[in-house]
Amino acid sequence: MTDKMLKFVEIGQQNPPKRQISDRKADFNEIYDEFINQKAQQQSSRCSQCGVPFCQVHCPLSNNIPDWLKLTAEGRLREAYELSQSTNNMPEVCGRICPQDRLCEGNCVIEQSGHGTVTIGSMEKYITDNAWQQGWIKPIEVKNEKNQSVGIIGAGPAGLAAAEQLRKKGYRVTIYDRYDRAGGLLIYGIPNFKLEKHVVERRTKLLKEGGIEFIHNFEVGKDGTLDQLRKKHDAILIATGVYKPREIELPGNDLNNIFPAMEFLTASNKKGLGDKVELFDKGILNAEGKDVVVIGGGDTAMDCVRTSIRQKAKSVKCLYRRDKENMPGSAREVANAEEEGVEFIWLSSPKEFRGKNKIENLLVDQIVLGEPDETGRRRPEVKKNSEFEIKTNMVIKALGFDPEDLPLLFDSKELQVTKWGTIKTDFDTMETNLKGVFAAGDIVRGASLVVWAIKDGRDAAESMIKYLKNNEIRKSKVA
Ligand SMILES: Cc1cc2nc3c(=O)[nH]c(=O)nc-3n(C[C@H](O)[C@H](O)[C@H](O)COP(=O)(O)OP(=O)(O)OC[C@H]3O[C@@H](n4cnc5c(N)ncnc54)[C@H](O)[C@@H]3O)c2cc1C
Ligand code: SF4
């Protein structure tokens, strides 16, 4: 093993090169270039093959990282791919957009010994992109078709991962989604420069070819009720994500040109996919030539500022009430935004939107960080007489998301939710209080990550398979 591996002392850490900043800002394409084969092999060989791999422990999917790195270093790329896909339904997506600094790479032992982490995310992307190129990734072939059917509400990563796992076992799977395309936030939330849409589309195409049925433009609650779907299918999975934007109630909130983040990002993604978007085409939901202020400090805020830059905004400012060290967004994304020319105004909080009909100025308070609150984070407190104005003609609010009122929306008052409005499930089985109805992803956890949605989708599928098998046995006994 030592022949090929443990090269972290002689080989330095390298990520695939980032494109020139001026090129990045000129289009919406991903910002990292491809690894070439030899480089990928070299970088994999830096892994120290720990006995207890902390990278794997801190990957929500428990990906067998050291083994697929070793196979890559040995040039056994097909085996590396087979191993990698055995625990992850979308390794090329996670490789691109997981916050690796907080998960696998943040816990790499050689990082902690000062040599720089193995670039696990880029390797995962490389292994799977290469498998697509080589034609190794094929649609599901079902050997033993089952009569039982499953209805999945939501075609985001949680719904798609569950669908794949269930279909592989031969169940008939139908996915209902209110959008016109599959992918959930992968398609209409996360911008192209982090995740190009063809990467998502080739996955959903493959699932269709494997026999999964997609019914688009079908909103449960409007085009059918949960009860109707329960009668139609043997089991149901709710994987609807969280979409209600958090609000700040400030004077002037109803002025024009103040938008929730998802409205802005969806319009931009739809344009990228070639759709007509009237509000964008009329210049309303388009940042071009404008002084944009984005309020918020998470990944959604970073996506908004970087989208505004690419839409050729005149200036882009990001307002966040804590400091850089306490931002919830990934450090990598903040660095990318800074490189691309976003101005961060740390320790600041909006106080009033000002203007006649449209937003013209934002009144802002300065903030100081006080004592830690119940979450352990230092509480932001307004600094007396510190207010100042920022000139702006477009404000984007990226303050996070809450669940919609699903019991009301689904006309299913008996569906139990938590005090936060997320769906209550049995911790072990992921079943809700309604028999045969399971739930997964953001609608259970609250706004989270793609990798957790995939994990939940896989776990829910496993539990649903047990449930369906038990039902089958019960029925055959009665018969
Ligand atoms: C702007 C943005 C950027 C992000 N960036 C990252 C990132 O870089 N890395 C990362 O790991 N995570 C990121 N996330 C978080 C990640 O996208 C989510 O955690 C993940 O998509 C959740 O998956 P899900 O399947 O639970 O829900 P979603 O992806 O939200 O999918 C839910 C699906 O359900 C459908 N649906 C909802 N209600 C109904 C209904 N009533 N009837 C029918 N269909 C319905 C929706 O149309 C949607 O297609 C980001 C989120 C946002 C908003
Ligand atoms: S899924 Fe995410 S956390 Fe797990 S190995 Fe891949 S990039 Fe790291």
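Residues numbered from 1 in each chain as written. Chains lettered and ligands numbered in written order. Predicted model: local features only at pLDDT ≥ 70, side-chain atom pairs only at ≥ 80, totals over all residues.

Asks: Tell me about the overall build of the protein chain, and please be specific about residues and values.
Replies: A count of helical and extended segments in the protein chain gives 19 helices and 16 strands. For the protein chain, whose C-alpha radius of gyration is 24 Å, the value lies close to the compact-globule estimate of 23 Å for 479 residues. Along the first, second and third principal axes, the C-alpha atoms of the protein chain reach 75 × 60 × 45 Å. Looking at the protein chain as a whole, 44% of its 479 residues qualify as buried. (Helix = DSSP H or I, 4+ residues; strand = E, 2+ residues; numbered from the N terminus. Rg over C-alpha atoms; globule rule 2.2 N^0.38 Å. Buried ≥ 20, exposed ≤ 12 C-beta atoms within 10 Å, placed from the backbone.)

Asks: Tell me about the nonpolar core, and name the residues and values.
Replies: Core analysis: the largest hydrophobic core is formed by 81 residues, its most contacted members being A162, L237, F438 and A440. For this core, the leading source of residues is helix 19 (residues 450–478), giving eight residues. For this core, the two domains that each supply at least three residues are domain 1 (21–134) and domain 2 (149–242 + 403–478). Dropping the residues within four chain positions of it, A440 is found in contact with A158, A162, L237, A239, M430, D456, G457 and A460. Grouped together as the second largest cluster of nonpolar side chains are 36 residues, F264, I309, C318 and A398 included. (Core = buried A, V, L, I, M, F, W, Y, C linked by C-beta atoms within 7 Å. Domains from an automatic or database assignment. Contact = placed C-beta atoms within 7 Å.)

Asks: Describe the site of ligand 1, and please don't skip the residues or the numbers.
Replies: The local shell around ligand 1 holds 35 residues, among which G154, G156, G184, G241 and G441 are the closest. Listing elements by their share of the shell around ligand 1, those giving two or more residues are helix 9 (157–168), helix 15 (299–310) and helix 19. Split into classes, the residues belonging to the shell around ligand 1 amount to 17 nonpolar, 11 polar and seven charged. When residues are assigned to domains, the shell around ligand 1 turns out to be shared by domain 2 (149–242 + 403–478) and domain 3 (246–400), each giving three or more. (Near = placed C-beta within 6 Å. Nonpolar A, V, L, I, M, F, W, Y, C, P; charged D, E, K, R; others polar.)

Asks: I'd like a rundown of helix 13 (residues 261–272), residues and numbers included.
Replies: Given 3.6 residues to a turn, an α-helix orients residues that are three or four positions apart in the same direction. Here helix 13 spans 17 Å end to end across 12 residues, near enough to the 16 Å set by a 1.5 Å rise per residue. All of the buried residues in helix 13 are A261, M262, F264, L265, T266, A267, S268 and N269. Turning to helix 13, the residues buried within the fold contact helix 10 (185–188), strand 5 (244–245), strand 6 (258–260), helix 14 (278–281), helix 15 and strand 14 (394–397). Phi turns positive, to about 90 degrees, at G274, one or two residues after helix 13. (Expected span 1.5 Å × (residues − 1).)

Asks: Could you give me a rundown of the sheet that holds strand 3 (residues 213–215), with the residues and numbers involved?
Replies: If you walk across this open sheet you meet the five strands as 3-2-1-4-16, and the pairing is parallel. In this open sheet, the two strands that pair with only one neighbour each are strand 3 and strand 16 (437–439). Going from strand to strand, the sheet's axes swing by 20 degrees on average, the running direction of each strand aside. As defined by bridge partners, strand 1 (residues 149–153) adjoins strand 2 (residues 172–176) across five bridges and the pair is classed as parallel. (Pairing = 2+ DSSP bridges. Axes fitted to C-alpha atoms, helices over the stretch in contact; angles between N-to-C directions.)

Asks: Account for the site of ligand 2, naming residues and giving values.
Replies: In the vicinity of ligand 2, 15 residues are found, and the nearest of them are C59, C94, C98, L103 and C104. Breaking the shell around ligand 2 down by element, the ones donating at least two residues are helix 6 (91–97) and helix 8 (120–134). The biggest single contributor to the shell around ligand 2 is helix 8, with three residues. Its residues placed into classes, the shell around ligand 2 shows nine nonpolar, five polar and one charged.

Asks: Describe in detail the packing of helix 9 against helix 19, supporting the description with residues and values.
Replies: Across the interface, helix 9 lies against helix 19 with an axial gap of 7 Å and an inter-helix angle of 40 degrees. Here helix 9 runs over helix 19; the crossing is right-handed. Contact residues: helix 9 offers P157, A158, G159, L160, A161, A162, Q165 and L166, while helix 19 offers V450, A453, I454, D456, G457, R458, A460, A461, M464 and I465. (Left-handed = near helix turned anticlockwise from the far one by under 90°.)

Asks: Please set out the sheet that holds strand 8 (residues 315–319) residue by residue, giving values where relevant.
Replies: The five strands lie next to each other as 6-14-7-8-9, forming an open sheet whose pairing is parallel. The sheet is open, and its two edges are formed by strand 6 and strand 9 (343–345), each paired on a single side. Averaged over neighbouring strand pairs, the angle between their axes works out to 25 degrees when direction is ignored. Bridging between strand 7 (residues 291–295) and strand 14 involves four bridges; their strand directions are parallel. Paired with V293 across the bridge in strand 14 is V395. Packing against the sheet, helix 13 makes contact with strand 6 and strand 14, and its axis sits at approximately 80 degrees to strand 6. Each of strand 7, strand 8 and strand 14 is contacted by helix 15, which is oriented at about 170 degrees to strand 8, the strand it contacts most.

Asks: Tell me about the domain arrangement of the protein chain, residues and numbers included.
Replies: Split into domains, the protein chain comes out as domain 1 (21–134), domain 2 (149–242 + 403–478) and domain 3 (246–400). Taking only C-alpha atoms into account, the centre of domain 1 sits 28 Å from that of domain 2. Residue contributions to the side of domain 1 that touches domain 2 peak at five residues, all from helix 6.

Asks: Lay out the pairing of strand 1 in plain terms, naming residues and giving numbers.
Replies: Remark: a regular strand shows side chains that alternate across the two faces of the sheet. Of all five residues in strand 1, four are buried; the element is thus mostly enclosed. Remark: the strand 1/helix 9/strand 2 crossover connection has right-handed handedness. Pairing between strand 1 and strand 4 (residues 235–238): four bridges, direction parallel. Bridge assignment links I153 to a residue of strand 4, and that residue is I238. (Right-handed = clockwise from strand over helix to strand, strands pointing away.)

Asks: Give me the packing of helix 13 against helix 15: which residues, what numbers.
Replies: One can describe the packing of helix 13 onto helix 15 by two numbers: an axis separation of 10 Å at closest approach and a directional angle of 50 degrees. Overall, the two elements helix 13 and helix 15 adopt an arrangement that is oblique. In this structure, the crossing between helix 13 and helix 15 has a hand that is left-handed. Seen from helix 13, the contacting residues are A261, F264, L265 and S268; seen from helix 15, they are T300, D303, C304 and T307. (Parallel < 35°, antiparallel > 145°, perpendicular 65-115°, else oblique.)

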